[in-house]
Every structure is written in structure tokens, then in C-alpha cells.
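Secondary and tertiary structure notes
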Amino acid sequence: MDYTIVAVVIFVVAVLVVGGAFLIRPRRSQAPDEDREGGAATAVAEPREREDETADAAAGTTAVQEAPAAPEVETPPPSAGRLVRLRARLARSQNVFGQGLLSLLSSDQLDEDAWEEIEDTLVTADVGVTAAAQIVESLRTKVKVLGTRTSADIRALLRTELLAQINPELDRVVHTEPRGESPAVVLVVGVNGTGKTTSCGKLARVLVGDGRSVVLGAADTFRAAAADQLETWGGRVGAPVVRRDEGADPASVAFDAVSRGIEDAADAVIVDTAGRLHTKTGLMDELGKVKRVVEKRSQVDEVLLVLDATTGQNGLRQARVFAEVVNITGIVLTKLDGTAKGGIVIQVQRELGVPVKLVGLGEGPDDLAPFDPEGFVDAILEAA
Ligand SMILES: Nc1nc2c(ncn2[C@@H]2O[C@H](COP(=O)(O)OP(=O)(O)OP(=O)(O)O)[C@@H](O)[C@H]2O)c(=O)[nH]1
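Residues numbered from 1 in each chain as written. Predicted model: local features only at pLDDT ≥ 70, side-chain atom pairs only at ≥ 80, totals over all residues. Heavy atoms only, no water.

**Let's talk about the overall build of the protein chain**
When helices and strands are counted, the protein chain shows 16 helices and nine strands. For the protein chain, the residues scored as buried account for 48% of the 384 residues in total. If you take every contact in the protein chain between residues at least 6 apart in sequence, the share linking residues at least 24 apart comes to 78%. (Helix = DSSP H or I, 4+ residues; strand = E, 2+ residues; numbered from the N terminus. Buried < 20%, exposed > 50% of the residue type's maximum accessible area, 1.4 Å probe, protein only. Contact = heavy atoms within 4.5 Å.)

Okay, structure coming up:
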């Protein structure tokens, strides 16, 4: 009898153990499912299949950072008239460059020394030697014709000359209109530290403020902080940020960002690129590849070069290298608020043959303004 009870107990325990094993099995089978999900996420990075080199570097999965919850999303102001609103930020250029020239031109005796000083003032303000000589020559002729001159005459003359050099006819539209199903693609290039990442974030705000939807691509994968920075900017205006692990292939991230923009039917995709000026060939390879890979999904509508206005000739040298490597369509001139050398607008356009489209006038989120030649010259020549 006792043996029978023991046998029954052993049987029940055996049944429980076998049943338990079956119950546990389905949980284990979740692992392959997770793997499959992981596979689906990385499959977004199509360029790795299409471009062999890209595959090697694409080790991490693409992380698409969703915008934070709705209450945190801001509505930035529209961009129209920003330069006029921010004109006080040009005070340094106004005092040194604008007022300096106006007072020199108002002196009774405009002799050789005076004209030389005018030319020096223009060169010091980074207008560039050739443009400075042209402005002086033209002013000399016009002042002679004018005879006696009031301060209003002087201001009008200088305004005309500076405007002519800046060339109001250039197309300064930042092309961010979607084409059918495809979002506009804007590549942002430039040396690190010029305000490139900040400008991407500010441009996203400009576009969102103007009623557009934006996807940001953190293709500057050499500095994790740049992607974090971009994420903060994107989060504030509800723009998703496509990023990868530090060191991943920038071209792959750019491709993913454009893909995400197409999926989301976004109006524009802004891609922040790495700007290491290690060697010209290295830069050419890097940016060339980003552009080439992006173009497998969409045309590139703008290549904006970010330039720090306070870096003068050094900045121009960097700009020249970028211009040789990629076809720049517009310039973003940052930190114009921190310099008396507003004349750089003239020189950089002349050197690169590309219009200044946006100007940075401060560290605030809405301190990026569409460049308007008349508003700029009027601000420079405004009575202090
Ligand atoms: N005063 C002023 N500061 C600016 C302007 N634009 C950017 N900055 C500041 O310049 C610094 C550098 O900006 P970043 O955007 O980090 O520069 P970056 O070129 O992206 O550099 P990486 O992130 O290293 O690629 C930051 O402190 C910005 O706030 C501007 O128009 N005016």
C-alpha cells in the first residue's frame, strides 16, 4: 500500500516536471523573435546592402529618437523679419564698420589719406581687398560728382555701394520645399566648432516655425555629443532625430534619415555632417560618400556651408577647401553678433560665388535669421 502511494507521488512529480518544462519552453522561444525584431530594425539601413563599404561600419542599430511627449514641444516663431528684429545684434559691426565709414566720409577734407583710411576700414571689416578698392573707387567718383554732401547723401551713397557688393539679386531661398512624395534634403557641412550642429537645430526651428515638418540626421558620428545636442534641438520642436552609435558610418545615418523623412512624409530632412579637416582627400571621400549614398534615395536640394564670421581669413581658407570638395549652394554665417567684421558677408560670397542664405546672430534658439541684404546694410549704417 505504502509502495503504491510512493509510486503515485513519484508519478505526479514527474508529470509536474515534464509539464513545467513545456511551460518554460515558449518563453525561451522569445529569443529568436527578439533577434528577428532586431533584424528588422537594422534592415532600415538599406545602404549597407547597396554600398559594401557602408556595411562594415554599420555595426550598431539605427536608433530613431522619437520626439518627447507633446506638452514639451515648442512652437518657434516664424522666420520672416528676423534679421530686422535682431539688428541690434550687429552693434559691433555697426559701430566700427558702419559708423566708422560714415564719419570718415563726412569729413570736410576727403584727401588721399582719408580715402586710404576708408579703404583700410573696409579691409579691417573683412570686406576683402578687391571689394574694398572697388568701393573706394566708386565712392570717389560719386563724391566728386555730388560736390557738397549732407550726411544723408553719404549714407545713401555708402548704402548703394555696399548693397551692390552684396548683390541683392542672388537667390537666397533655402530650398526646403518637398518634391512630391520626397522631402527636401539639406546637407549641412563645415568645420566643427563653427556652430554647425547648432545651426542644424536652429534651422529645424525655423522650418517648424514656418509650418514645416522636419527629420534630423546626426551624421556627425565622430562626436557622440553632437548627436545628443541634435536630439535636444529636435526634441524641443518635435522633430525625430536619426542617429547611430559613435563611429558609425555617416553615409549610412544620412541614408536612414532620408528614408525616415520619406516614410514620415516629412517636408525636409536636415543632415548634420562631420567636419574634420584632416586631409582634403579624407574630407572629399567622407562628404562625397554621404552625398552619393543619400542620392540613392533622394536628390540633395541644399548643401549649406557653416562658417564662423569671427575666424576671418582662417575661416575663408576652410571654406575654400569645402567648396572644392562639395558643391555648396549656400552659406550660413554664424556668430555675426560677436564680430565687428560684418564685411565678411561680401568677401565670402565673392570668394565662393555662393550666397549667404542664413546668419547666426546669437546663441538663443531663434537667433538664426534668413539673410536679407537690405536689412543687413541698413542695420550696419543705422545711426548709433
Ligand atoms: N554668439 C553666437 N554663438 C553661436 C552662434 N552659432 C553657434 N554659436 C555657438 O558656438 C558654439 C559651437 O556651436 P556648435 O553647434 O556646437 O558647433 P559645431 O560646429 O556643431 O561643432 P561640433 O558640434 O563640434 O561639430 C556653441 O556654443 C554655440 O552656441 C551664433 O550665431 N552666435
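**A look at helix α13 (residues 280-294)**
The end-to-end C-alpha distance of α13, which contains 15 residues, comes to 21 Å, matching closely the 21 Å that a straight helix rising 1.5 Å per residue would cover. What α13 keeps buried is the set G282, L283, E286, L287, K289, V290, V293 and V294. One face of α13 carries all of its buried residues, which in axial projection span an arc of 150 degrees. Those residues of α13 that are exposed and aimed more than 90 degrees away from the buried face are T281 and D285. (Expected span 1.5 Å × (residues − 1). Arc of directions from axis to C-beta.)

**Observations concerning the pattern of salt bridges**
With the rule as written, the count across this model stands at 23 salt bridges. Residues R140 and E112 are paired through a salt bridge, measuring 2.4 Å at the closest nitrogen-oxygen approach. Here the residue R140 occupies a position in helix α8 (residues 129-146), and E112 occupies one in helix α7 (residues 112-124), the gap between them amounting to 28 residues. Judged by relative accessible area, R140 falls into the partly exposed class, the value being 29%. Residue R260 pairs with D264 through a salt bridge whose shortest N-O separation is 2.7 Å. (Salt bridge = Lys/Arg side-chain N within 4 Å of Asp/Glu carboxyl O.)

**A closer look at the site of the ligand**
Neighbouring residues of the ligand: 19 residues in total, closest K196, T197, T198, R223 and E363. In the model, an oxygen atom of the ligand is placed 2.3 Å from a nitrogen or oxygen of the R223 side chain. With respect to the ligand, the backbone of G360 contributes an N or O atom lying 3.2 Å from an oxygen atom. The protein chains hide 80% of the 650 Å² of surface that the ligand would expose on its own. In terms of residue count, the dominant contributor to the shell around the ligand is helix α10 (residues 196-209) (four residues). Of the residues in the shell around the ligand, the class split is two nonpolar, ten polar and seven charged. (Near = heavy atom within 4 Å. Polar contact = N/O pair within 3.5 Å; in protein donor to acceptor, adjacent residues only side chain to side chain. Areas by Shrake-Rupley, 256 points an atom, 1.4 Å probe, with all protein chains shown as cover. Nonpolar A, V, L, I, M, F, W, Y, C, P; charged D, E, K, R; others polar.)

**Looking at unusual backbone geometry**
Phi at D126 is positive, roughly 70 degrees, even though this residue is not glycine. Relative to the helices and strands, D126 is located in the loop between α7 and α8. Within the chain, A265 stands out as a residue other than glycine whose phi angle is a positive 50 degrees. Tracing the sequence through the fold places A265 in the loop between α12 (250-263) and β5 (268-273).

**Here's the deal with helix α14 (residues 312-325)**
If you check α14, its first and last C-alpha atoms are 20 Å apart, about what 14 residues at 1.5 Å a residue would give, namely 20 Å. Of all the residues in α14, the buried ones are G312, G315, L316, Q318, A319, F322 and V325.

**Some remarks on a negative patch on the surface**
On the surface, a cluster of negative charge is contributed by D111, D113, E116, E117 and D120. Tracing the chain through its elements places E116 in helix α7. (Patch = residues over 30% accessible without salt bridge, like charges linked within 9 Å, V, L, I, M, F, W, Y side chains within 5 Å. Lys, Arg positive; Asp, Glu negative; His and termini not counted. Charge placed at Lys NZ, Arg CZ, Asp CG, Glu CD.)

**Overview of the UniProt feature "domain: SRP54-type proteins GTP-binding" (unreviewed entry) in the protein chain**
As recorded in UniProt, the feature "domain: SRP54-type proteins GTP-binding" (unreviewed entry) lies at residues 355-368. With 0% helix and 43% strand, residues 355-368 has its two end C-alpha atoms placed 16 Å apart. (UniProt positions renumbered as here; feature names shortened; annotations may be inferred.)

**Brief notes about the pairing of strand β2 (residues 184-189)**
The buried fraction of β2 amounts to six of the six residues, a majority that puts the element mostly inside the structure. Burial of the side chains of β2 extends over both faces: A184, V186 and V188 are buried on one face and V185, L187 and V189 on the other. Inspection of the sheet shows β2 paired to strand β6 (residues 302-308) by four bridges, in the parallel sense. Bridging across to β6, L187 finds its partner in V303. (Pairing = 2+ DSSP bridges.)

**Description of the environment of A369**
The residue A369 is located in strand β9 (residues 368-370) in this model. With 285 residues separating them in the primary sequence, A369 and V84 have C-alpha atoms 9.0 Å apart.

**Overview of the packing of α7 against α8**
Packing of α7 against α8 brings their axes to within 9 Å, and their N-to-C directions diverge by 140 degrees. As summarised for this structure, α7 and α8 are arranged oblique, according to the angle between their axes. Relative to α8, the crossing made by α7 is right-handed. Between α7, through E112, W115, I118, E119, L122 and V123, and α8, the contact on the second element is made entirely by V129, A132, A133, I135, V136, L139, R140 and V143. A class-by-class count of the residues in the contact of α7 with α8 yields eleven nonpolar, no polar and three charged. (Axes fitted to C-alpha atoms, helices over the stretch in contact; angles between N-to-C directions. Parallel < 35°, antiparallel > 145°, perpendicular 65-115°, else oblique. Left-handed = near helix turned anticlockwise from the far one by under 90°.)

**Some remarks on the pairing of β5**
In the case of a regular strand, side chains alternate between the two sheet surfaces. Here β5 lies mainly inside the structure; six of its six residues are buried. Residues A268, I270 and D272 line one face of β5 and the alternating positions V269, V271 and T273 line the opposite face, and both faces are buried. The sheet contact formed by β2 and β5 spans five bridges and is parallel. Across the sheet, V188 pairs through a bridge with D272, a residue of β5. Note that strand β3 (residues 214-219) and β5 share six bridges and pair parallel.

**Examining the packing of helix α6 (residues 91-106) against helix α16 (residues 373-381)**
Running from N to C, α6 and α16 cross one another at 75 degrees; their axes reach a closest spacing of 7 Å. Between α6 and α16, the angle falls in the class roughly perpendicular. Contacts between α6 and α16 pair S93, Q94, F97, G98, Q99 and L102 from the former with A379, I380 and L381 from the latter. Per-class residue counts for the contact of α6 with α16 are five nonpolar, four polar and no charged.

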